[in-house]
Amino acid sequence: MSVLVYLESENKAYKKSAYELASYAVALAGQLNTEAIGLVINNDTPESIGGLNQIISISNESLNTFTAERYASLLSAAFEKSGSQYLVISSSADSKYIGGMIAAQSGSSFIPNVIALPENIEGKTAFKRTVFTNKGFAYTSSKSDRCIIGLSKNSFGVHHSDAAPKVEAMTLELTDDRVTVTNQATVNGKATIADADIVVSAGRGLKGPENWHLVEDLAEVLGAATACSKPVSDLGWRPHSEHVGQTGKPVATNLYIAIGISGAIQHLAGINASKVKVVINNDPEAPFFKAADYGIVGDAFTVVPQLIEKLKVFKAQNA
Amino acid sequence: MKILVCISAVPDTTSKINFTADHKSLDTSGVQFVINPNDEFGLTRAVWFKEQQGAKVHIATVGDSSVEPIMRKALAIGADKAFRVDTPPTDGFLVAQALSEQVKKENYDLVICGRESIDYNGNMVPGLIASHCDYSFINTCTGLTIDGDKATATREIDGGSETLETSLPLIIGAQKGLVEESDLKIPNMRGIMSARTKPLEVITPSNLEALTEDLSFEKPASKGEVTLIEEANIDQLIELLHKEAKVL
Ligand SMILES: Cc1cc2nc3c(=O)[nH]c(=O)nc-3n(C[C@H](O)[C@H](O)[C@H](O)COP(=O)(O)OP(=O)(O)OC[C@H]3O[C@@H](n4cnc5c(N)ncnc54)[C@H](O)[C@@H]3O)c2cc1C
Ligand SMILES: Nc1ncnc2c1ncn2[C@@H]1O[C@H](COP(=O)(O)O)[C@@H](O)[C@H]1O
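The following paragraphs examine the structure supplied in this document. (Residues numbered from 1 in each chain as written. Chains lettered and ligands numbered in written order. Predicted model: local features only at pLDDT ≥ 70, side-chain atom pairs only at ≥ 80, totals over all residues. Heavy atoms only, no water.)

## Focus on the overall build of chain A
Consideration 1: A count of helices and strands for chain A gives eight helices and 18 strands.
Consideration 2: Relative to its length of 319 residues, chain A is compact, with a C-alpha radius of gyration of 21 Å against a globular reference of 20 Å.
Consideration 3: Taken along its principal axes, the extent of the C-alpha atoms in chain A is 60 × 45 × 40 Å.
Consideration 4: Counting all 319 residues of chain A, 58% fall into the buried class. (Helix = DSSP H or I, 4+ residues; strand = E, 2+ residues; numbered from the N terminus. Rg over C-alpha atoms; globule rule 2.2 N^0.38 Å. Buried < 20%, exposed > 50% of the residue type's maximum accessible area, 1.4 Å probe, protein only.)

## Side note on the pattern of salt bridges
Consideration 1: Under the definition given, this model contains 29 salt bridges over all chains.
Consideration 2: With a closest N to O distance of 3.2 Å, A:Lys128 and B:Glu218 form a salt bridge. Here B:Glu218 lies in strand β12 (residues 212-218) and A:Lys128 lies in strand β9 (residues 124-131), a pairing that spans two chains.
Consideration 3: Residue classification places A:Lys128 among the buried positions, given a relative accessible area of 17%.
Consideration 4: You can call B:Glu218 partly exposed: its relative accessible area is 27%.
Consideration 5: Where B:Lys176 meets A:Asp234, a salt bridge forms, and the shortest distance between an N and an O atom there is 3.3 Å. With one member in each of two chains, B:Lys176 in the loop between β10 (170-174) and α5 (189-197) and A:Asp234 in helix α5 (residues 230-234) form a pair that bridges those chains. (Salt bridge = Lys/Arg side-chain N within 4 Å of Asp/Glu carboxyl O.)

## A word on helix α1 (residues 37-53) of chain B
Residue and element names in this part refer to chain B.
Consideration 1: The first and last C-alpha atoms of α1 sit 24 Å apart over 17 residues, in line with the 24 Å expected at 1.5 Å per residue.
Consideration 2: Counted residue by residue, α1 has twelve buried out of 17 residues, so it is predominantly covered.
Consideration 3: By the burial criterion, the buried members of α1 are Pro-37, Asn-38, Asp-39, Glu-40, Phe-41, Gly-42, Leu-43, Thr-44, Arg-45, Ala-46, Val-47 and Phe-49.
Consideration 4: Looking one or two residues past α1, Gly-54 carries a phi angle of roughly 70°, positive in sign. (Expected span 1.5 Å × (residues − 1).)

## Digging into the sheet that holds strand β18 (residues 294-297) of chain A
Consideration 1: Spatially, six strands are ordered β15(A)-β14(A)-β16(A)-β17(A)-β18(A)-β13(B) in an open sheet, and the strand pairing comes out parallel. Lying at the two open borders of the sheet, with one neighbouring strand each, are β15 (225-228) of chain A together with β13 (227-228) of chain B.
Consideration 2: Summarising the sheet, strand β14 (residues 198-202) of chain A and β15(A) pair through four bridges and their orientation is parallel. Residue pairing for β15(A): A:Ser201 is matched across the bridge by A:Ala227.
Consideration 3: Against the sheet, helix α4 (residues 213-222) of chain A touches β14, β15 and β16 (255-259) of chain A, its axis set at about 170° to β14(A).
Consideration 4: Here helix α8 (residues 300-317) of chain A sits on the sheet in contact with β16, β17 (276-281) and β18 of chain A, set at roughly 135° to β17(A). (Pairing = 2+ DSSP bridges. Contact = heavy atoms within 4.5 Å. Axes fitted to C-alpha atoms, helices over the stretch in contact; angles between N-to-C directions.)

## As for the site of ligand 2
All names here are of chain B.
Consideration 1: Ligand 2 sits among 21 residues. The nearest are Cys-6, Asp-39, Ser-117, Asn-123 and Met-124.
Consideration 2: Take Gly-122: an N or O atom from its main chain is 3.1 Å from an oxygen atom of ligand 2.
Consideration 3: One of the backbone nitrogen or oxygen atoms of Met-124 is found 2.8 Å away from an oxygen atom of ligand 2.
Consideration 4: When isolated, ligand 2 has an accessible area of 480 Å², and the protein chains bury 95% of it.
Consideration 5: For the shell around ligand 2, the elements supplying multiple residues, two or more each, are β4 (56-62), α3 (92-106), β6 (110-114) and α4 (125-133). (Near = heavy atom within 4 Å. Polar contact = N/O pair within 3.5 Å; in protein donor to acceptor, adjacent residues only side chain to side chain. Areas by Shrake-Rupley, 256 points an atom, 1.4 Å probe, with all protein chains shown as cover.)

## A word on the site of ligand 1
Consideration 1: Lining the immediate surroundings of ligand 1 are 27 residues, of which A:Arg204, A:Ser229, A:Ser262, A:Gln266 and A:His267 lie closest.
Consideration 2: Chains contributing residues to the immediate surroundings of ligand 1 are chains A and B.
Consideration 3: Measuring from a nitrogen atom of ligand 1, one finds a backbone N or O atom of A:Val244 at 2.9 Å.
Consideration 4: The backbone of A:Gly260 places a nitrogen or oxygen atom 3.0 Å from an oxygen atom of ligand 1.
Consideration 5: Look at ligand 1: alone it shows 990 Å² of surface, and the protein chains cover 77% of it.

Here's what the structure looks like:
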């Protein structure tokens, strides 16, 4: 009864999230006195990761583009073939897409948004997960023997290990997909909200889209992704994909910098899983200060340019 | 074209979330329930298909009678008929089984769910229905047009978007972007009046089974005080982020 963990790859290398996922799976397997097995797709020479000793590798040209139906049937077949008790998946858009499909096809349960190793509650194995978009936690147990765990980003951490995994190729029959991807547009080379360690976000306090160079310059010094509050995307100042919060994208990053955002409850719910929050706002009464770790009461148009300059100096010294 | 919109009732986004004293469930006192925002985007698009392409729009909710006000609201916005599966929605597996039966019974061309419900954030109901009913599935859907039995959609991916093509029957996980915020409809008097007489059928389910169980709930620990830094001392902020918070 092993733990299978699906490690997402991109251009034949692990995605960043895979390191945390592998670390979690190894720890979960340790707790259950069993083995953790990695599963990679089109990553032919997987490197050591998170202490995994064993990796199943699937390679096929037609898997270069993610399509949900095919990936879901592949993962559920691998889950069944491995005889594992748990399948651990990430909280990427792709994994969230297929989680329910794999559960239905493999007859297992699915617990999403998990943030910790299981605990024993009332004699049952319970996984702590976020509910109500970070406004609460639930301890959830599976009634099925086999269960998919969706791990939240930045919830467990990465354990480095040099253990060289034994890699075994697996061939599975591929199903057709009724959905075809005809075009893909990604912002290349820029950090994304899903992946970045730091997110710089701004709200209506920035007055207009013409001032967004402040946000972009700050993000560039920090290697951060850019985000915004809901009204900013509704007004068309920024694309919808940057809208974060309860009805937008969740942000679980190490550092979240909020500029000219008031801190409405819907905004906070979506970003509260971030570790450290810095707020820059000219209104000392802005509700965001109650949710922040560090704050500067001041005008964004004078604070942010100074911050950018000082960070450049800091980065040069600490490079 | 026959469309089903699956609608869940969730606490209004401004709600403070509290749990009962025994930590076993949500404390619903003072909480106002609304149509799950992702489902509202989906419902609005469904009503657009009705107005532009003559679609029939059904809605379905799994829940006890307390969800009927939000179902009436969905009818007032423009749905034609409602189905309520009379059982508490204890988990996504039970909900998806109940909704799959409805989908099989009525053979919908298009099923619209939300990407997630903002209460328990299950992220699974549309995917489960897709597999149970063998429908094509497009999640995090930000655009959808239908021509005959061909569907063209856009979806949000991490760091971008993609365009997809498929054919009906199809199920989507709707989210913001599918319709513009300004297209969301506030029911008018005529809509509210006609919603009162639209059919709302109650279905008594059998043999539904939950696969997960929420044993207890808790609130996040309350936050410490914010450390305020003077505007003139930005170096101090950088120092704190570097040495204390260790995020730089
Ligand atoms: C159903 C629903 C769902 C929602 N979901 C979301 C969501 O997911 N995400 C989200 O963000 N919102 C959401 N909202 C909206 C939310 O309620 C707030 O309206 C929104 O977050 C406010 O955005 P804001 O902080 O940018 O703007 P405002 O509330 O206008 O705040 C602007 C802030 O900028 C400050 N400011 C002004 N000038 C300066 C300056 N020169 N320098 C520094 N600071 C300055 C002001 O003091 C103020 O605090 C939702 C609302 C509803 C009804
Ligand atoms: N109780 C319910 N009744 C009807 N539809 C539901 C219910 N719960 C969830 N759904 C649908 O499934 C979507 C995803 O929910 P979830 O998987 O719970 O995050 C929601 O946006 C709804 O469209």
